[in-house]
Amino acid sequence: AFHLLRPAISVSVPPAATTTSLGAIRCEGKTYQLEEREDSEICTTEVHLNPDRSVLVGETDGPYFEASAGEWNVAPGTNDFTMRIQKRFRTGQSSTDMGEFAFDVYRVYRGDMVLVGDSVAITGIMTDDHDSDKEVGFFNMIDGTDEKDGYEGRARSLRST
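Values in this document were obtained by computation on a predicted structure and should not be read as measured data.

Draft legend 1. Up close: the environment of L115. On the secondary structure map, L115 appears in strand β6 (residues 99–116). Linking L115 and R26, residues 89 residues apart in sequence, is a C-alpha distance of 9.6 Å. Contacts of L115, omitting those with residues within four sequence positions, involve I25 and V120.

Draft legend 2. Layout of the pairing of strand β8 (residues 131–143). Where strand β1 (residues 30–38) lies against β8, seven bridges are found, and the strand directions are antiparallel. The partner of L34 across the bridge, within β8, is M141. Examined bridge by bridge, strand β7 (residues 119–128) and β8 share eight bridges and lie antiparallel to one another. Directly across from M126, in β8, lies its bridge partner G137.

Draft legend 3. Molecular detail of the sheet that holds strand β5 (residues 80–93). The strand order across the open sheet built from eight strands is β3-β2-β1-β8-β7-β6-β5-β4, with neighbouring strands paired in antiparallel fashion. In this open sheet, the two strands that pair with only one neighbour each are β3 (55–60) and β4 (67–74). Along the sheet, successive strands turn relative to each other by an average axial angle of 30 degrees, direction set aside. When β5 meets β6, the two strands line up antiparallel, connected through 14 bridges.

Draft legend 4. How the structure looks around a nonpolar patch on the surface. Nonpolar side chains collect at one region of the surface, where M98, F101 and F103 lie side by side and expose about 300 Å² of accessible area between them. Mapped onto the elements, M98 comes out in the loop between β5 and β6.

Draft legend 5. A look at the pattern of salt bridges. Applying the stated rule across the entire model yields seven salt bridges. Of the charged contacts, one joins E35 and R37 as a salt bridge, the two residues approaching to 2.6 Å between their closest N and O atoms. The class of E35 is partly exposed, set by a relative accessible area of 23%. Across the pair R107 and E38 runs a salt bridge, and its minimum N-O distance is 2.7 Å. Of this pair, R107 sits in strand β6 while E38 sits in strand β1; the two residues are 69 residues apart in sequence, bridging distant segments of the chain. On the basis of relative accessible area, R107 is assigned to the buried category, the value being 14%. Given the relative accessible area of 22%, E38 is considered partly exposed.

Draft legend 6. Structural view of the packing of aromatic side chains. Counted according to the given criterion, the structure contains four aromatic pairs. Measuring from ring centre to ring centre gives 5.4 Å for F89 and F103, while their planes differ by 20 degrees; the resulting arrangement is stacked. In this pair, F89 sits in strand β5 while F103 sits in strand β6, placing the two residues 14 residues apart along the sequence. The class of F89 is buried, set by a relative accessible area of 14%. Here Y109 and F139 contribute two aromatic rings whose centre-to-centre distance is 5.3 Å and whose plane-to-plane angle is 90 degrees, an arrangement assigned as edge-to-face. You can see Y109 sitting in strand β6 and its partner F139 sitting in strand β8, a full 30 residues away along the chain. Side by side, Y109 and F139 carry an identical accessibility label, which is buried.

Draft legend 7. Fine view of the side chain of T31. Mapped onto the elements, T31 comes out in strand β1. Side-chain polar atoms of T31 contact the side chain of H48, separated by 2.9 Å.

The rules behind each value
- Residues numbered from 1 in each chain as written.
- Predicted model: local features only at pLDDT ≥ 70, side-chain atom pairs only at ≥ 80, totals over all residues.
- Heavy atoms only, no water.
- Helix = DSSP H or I, 4+ residues; strand = E, 2+ residues; numbered from the N terminus.
- Contact = heavy atoms within 4.5 Å.
- Pairing = 2+ DSSP bridges.
- Axes fitted to C-alpha atoms, helices over the stretch in contact; angles between N-to-C directions.
- Patch = residues over 30% accessible without salt bridge, like charges linked within 9 Å, V, L, I, M, F, W, Y side chains within 5 Å.
- Areas by Shrake-Rupley, 256 points an atom, 1.4 Å probe, with all protein chains shown as cover.
- Salt bridge = Lys/Arg side-chain N within 4 Å of Asp/Glu carboxyl O.
- Buried < 20%, exposed > 50% of the residue type's maximum accessible area, 1.4 Å probe, protein only.
- Phe/Tyr/Trp six-rings, centres within 6.5 Å; stacked < 30°, edge-to-face > 60°.
- Polar contact = N/O pair within 3.5 Å; in protein donor to acceptor, adjacent residues only side chain to side chain.

This is the structure in structure tokens:
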């Protein structure tokens, strides 16, 4: 079972009665390849957008993270996409003056959804969750659902405490 650390991440989700009223493109229940371009670094990470608006973050070729949590939303009647992801990293060594410690990185992804053939693609900018005006990079997401089975078993979630 996955438990998301919801208090640290806030996404405005419309009331349940309107959550099924998205734009023409449906993105929920799919696994995507998320390509992030931040500074001179590029990494690809698997993400799954659950129908309950949570995000499961899986395998990556970027920095190893210990756990993650996320939420996504589409503005009603549009294809305007927003996703927030929190990743927890652990580093250091207990035998040093600095010791071992954990820190969280928050990113907000804002973009537009389009159909590329039968697949959903989302492209936009990434910002720091604590400073939404500070653009930190760009992202692309392409639907890779047909290539992935059993995705939820590979995701690492932040555990509620």
